[in-house]
Structure formats: C-alpha cells, structure tokens
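If you want the building blocks of each chain, they are given just below.
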Amino acid sequence: MSILTTAYQHSIADYWNKEENPVNLRLGDVSGTYHHHYGIGAVDWSVLGGPEERIIEEMHRLETAQADLLLDHLGVIEPSQRLLDSGSGRGGTSFMANQRFGCHVDGISISQKQVDFSNDQAHRRGVSDKVRFHFRNMLETGFETGSLNGIWNNESTMYVDLTKLFAEYARILAPGGRYVCITGCYNDVYGHPSKAVSQINTHYICDIHPRSAYFKAMADNRLVPINVIDLTEATIPYWELRAQSSVATGIEEAFLSAYKDGSFHYLLIAADRI
C-alpha cells in the first residue's frame, strides 16, 4: 500500500519532516509532552512580567487544556478498547489518552520523522506495548473494519478531503464509536476564505474547509454530531499571548484578525458512528 499518493501529500510530508519549530519543541520540553495544536482558556497575564520561560510554560498549559477538552468528548473508554490519533504529530495527545484511559492508542502520520520521534517517546515512557505510531495515510489507514472505539483529529483535517476521510472513519469505527475533531474552519457566511484565512493556508500549505463541509461530510458517512462547541473566543487569548512570545512565527496576526472579524471559527465537533 502506497502511503503518499499525490504530489500534495509529498509536499506536506516534506514540510513536517523538516519542521523544527521552537513553538512546538520548546513548549513540549516543558513537560515532555509535545503538542502540535493551539491552546484554549484564560491566560495568566502576569507571565509577561517574568522570565520568558514562564510564557512558554503558560502556552504549554493552554495547549494541554485543549487536548484535555478533546479527550473529555471521547466519552467512557475502557482499558481494553482502542483509539486512533489521526494526524498524531509528535504524539502528545496519544500519551495523554493512554494515561487517562489505560487503553491502546495508535497514532498515524505521513511524516516518518514524527512517527520515529513518537515511537521513541513511547519507548522512553515505557508504554510502547500500548501506544504505537505508524507511517500511514489517514485516508487509507489499513486498520480493520470496525476495530476502533474512538478516533480524533486535532487540527489535521485541513490537509485532506473530508468526504474521503469520514468514509474511512465510518469503516474503521465500531458502531457506537466516537469521533472528535478540533479544527479551524472558515465561516460560510463570508462566501469564500478571507484574506487572513488565505494567509494561514499559505503558511501551513493547507486548505481550510468551510464550516458546513464538516457537517455535510459527516452526514454522508454515518457520523452524527452530538456536541458542537465554538472555541473561537476561548482560543483568542492563547494567540494574543503567543504574539508576544519569543516563539512567535509571524502568523499570529492572521489568526487573530480572522477570529476577531468572524471569518474563521475554531470548533470542537463530537460525533457518533451509527
């Protein structure tokens, strides 16, 4: 089975294989849990008056809060059950899920570098018997039909066709299984992506979907939303703090502009496989 099937997929893999961004690595160094997503919640603004490391620690706390919220929406997971972290980055949320539920977690990424990093982390943590990472494509995972009890995407759906993605998830999720995603999506009311959203697309070589595309593709593939939470206001403080940090990448103003003018939304969607 070929993992990378298009030139675009090769370009994404190349981007993440080369990525050494301090906003991911320095924040992960705080606790040894490396995230590849953004944060939510109220900021302790007193960190701006102290050492830079306090800002890094606060941003990491907000990222971890985001991952905790995602895991909250997976529902009750038994230790014998199996989860998939689809687009797993350096594995942060996978390790949090295993620690919380005691279950098996598989992570997949089209970046071999990320897979190797995460498997090394699993070995160091002593959980490689339960947490494993694979070089696989989320559109064709290779997992057995109905073999998974839960799946999540944490800011990775903007790289793929949603109809194909959710068709694959409907196949590999057991009936009654739960899917959760947290994602940025553009506001359909605006008709097309705003200038700021287009800047984000260019920065991350992604293709941000309209909000409606998620619900249509879910409906077409036996995924029924049970919770939809608008996290836009909750993520703005993270971006305001990040813009004042030493690990800012230059994309912060585009995110803040798009969130504040309403052209971009940050959503959590939880859905059941029927």
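How each quantity is defined
Residues numbered from 1 in each chain as written. Predicted model: local features only at pLDDT ≥ 70, side-chain atom pairs only at ≥ 80, totals over all residues. Heavy atoms only, no water. Helix = DSSP H or I, 4+ residues; strand = E, 2+ residues; numbered from the N terminus. Rg over C-alpha atoms; globule rule 2.2 N^0.38 Å. Buried < 20%, exposed > 50% of the residue type's maximum accessible area, 1.4 Å probe, protein only. Areas by Shrake-Rupley, 256 points an atom, 1.4 Å probe, with all protein chains shown as cover. Lys, Arg positive; Asp, Glu negative; His and termini not counted. Charge placed at Lys NZ, Arg CZ, Asp CG, Glu CD. Pairing = 2+ DSSP bridges. Axes fitted to C-alpha atoms, helices over the stretch in contact; angles between N-to-C directions. Contact = heavy atoms within 4.5 Å. Core = buried A, V, L, I, M, F, W, Y, C linked by side-chain atoms within 4.5 Å. Salt bridge = Lys/Arg side-chain N within 4 Å of Asp/Glu carboxyl O. Phe/Tyr/Trp six-rings, centres within 6.5 Å; stacked < 30°, edge-to-face > 60°. Lys NZ or Arg CZ within 6 Å of the ring centre and 35° of its normal.

Whenever I open this one, the overall build of the protein chain confuses me. Can you help?
Scanning the protein chain from N- to C-terminus turns up 10 helices and seven strands. Here the C-alpha radius of gyration of the protein chain, 18 Å, is about what a compact globule of 274 residues would show, namely 19 Å. Projected onto its principal axes, the C-alpha positions of the protein chain cover 50 × 45 × 35 Å. A burial count over the protein chain gives 55% of its 274 residues as buried. Carbon together with sulfur atoms contributes 52% to the accessible area of the protein chain, which is approximately 11200 Å² in total. For the protein chain, the centre of its 23 positive side-chain charges and the centre of its 33 negative side-chain charges are spaced 4 Å apart.

What is the right way to read unusual backbone geometry from this model?
Although it is not a glycine, E155 sits at a positive phi angle of roughly 60°. Within the fold, E155 resides in the loop between strand 4 (148–154) and helix 6 (162–172).

So what exactly am I meant to see when it comes to the sheet that holds strand 7 (residues 264–273) here?
The seven strands are arranged 3-2-1-4-5-7-6 in an open sheet whose pairing can be described as mixed. In this open sheet, the two edge strands, each paired with only one partner strand, are strand 3 (131–135) and strand 6 (223–230). Within the sheet, the average angular offset between the axes of one strand and its neighbour, ignoring direction, is 20°. In this structure, strand 2 (residues 104–109) lies alongside strand 3, joined through five bridges in parallel fashion. Pairing of D106 across the sheet is with R132, part of strand 3. The strands touched by helix 4 (residues 92–101) are strand 1 (82–86), strand 2, strand 3 and strand 4; relative to strand 3, the strand with the most contacts, the crossing angle is about 150°. Packed onto the sheet, helix 5 (residues 112–125) meets strand 2 and strand 3 and runs at close to 165° relative to strand 3.

What is the right way to read the environment of M218 from this model?
For M218, the location among the structural elements is in helix 8 (residues 211–219). On the basis of relative accessibility, which here comes to 0%, the residue M218 falls in the buried class. The sequence separation of M218 and A167 amounts to 51 residues, and the corresponding C-alpha distance is 8.5 Å. Setting aside its immediate chain neighbours within four residues, M218 contacts F166, Y179, L223, P225, I269 and A271.

Would you explain the nonpolar core in this entry?
Buried together is how nonpolar side chains tend to be arranged in soluble globular proteins. The biggest cluster of nonpolar side chains holds 85 residues, and the ones touching the most others in it are L83, W152, F166, Y179 and F255. Per-element accounting of this core gives the leading share, eight residues, to helix 3 (residues 52–72). F166 has contacts with Y179, Y214, A217, M218, N221 and L223, leaving out every residue within four places of it along the chain.

Help me out: how do you make sense of the pattern of salt bridges in this one?
Oppositely charged side chains can form a pair if their charged atoms are brought close together. Following the criterion strictly, the structure yields 15 salt bridges and no others. Salt-bridge contacts for R124 lead to D120; the nearest nitrogen and oxygen are separated by 2.6 Å. Of this pair, R124 and D120 both sit in helix 5, separated by four residues, roughly a single helical turn. Judged by its relative accessible area of 34%, D120 is partly exposed.

I would appreciate a short explanation of the packing of aromatic side chains in the present structure.
Describing an aromatic ring pair means giving the distance of the ring centres and the angle of the ring planes. Applying the stated rule across the entire model yields 16 aromatic pairs. Taken together, a centroid distance of 5.0 Å and an interplanar angle of 20° make the contact between Y259 and F264 stacked. Members of the aromatic cluster, connected to one another through ring pairs, are Y38, Y204, Y238, W239, F255, Y259, F264 and Y266. Here R90 stacks its cationic end above the ring of F117, 5.4 Å away from the centre of that ring. If you follow R125 out to its NZ or CZ, it ends over the ring of F95, 4.3 Å from the centre.

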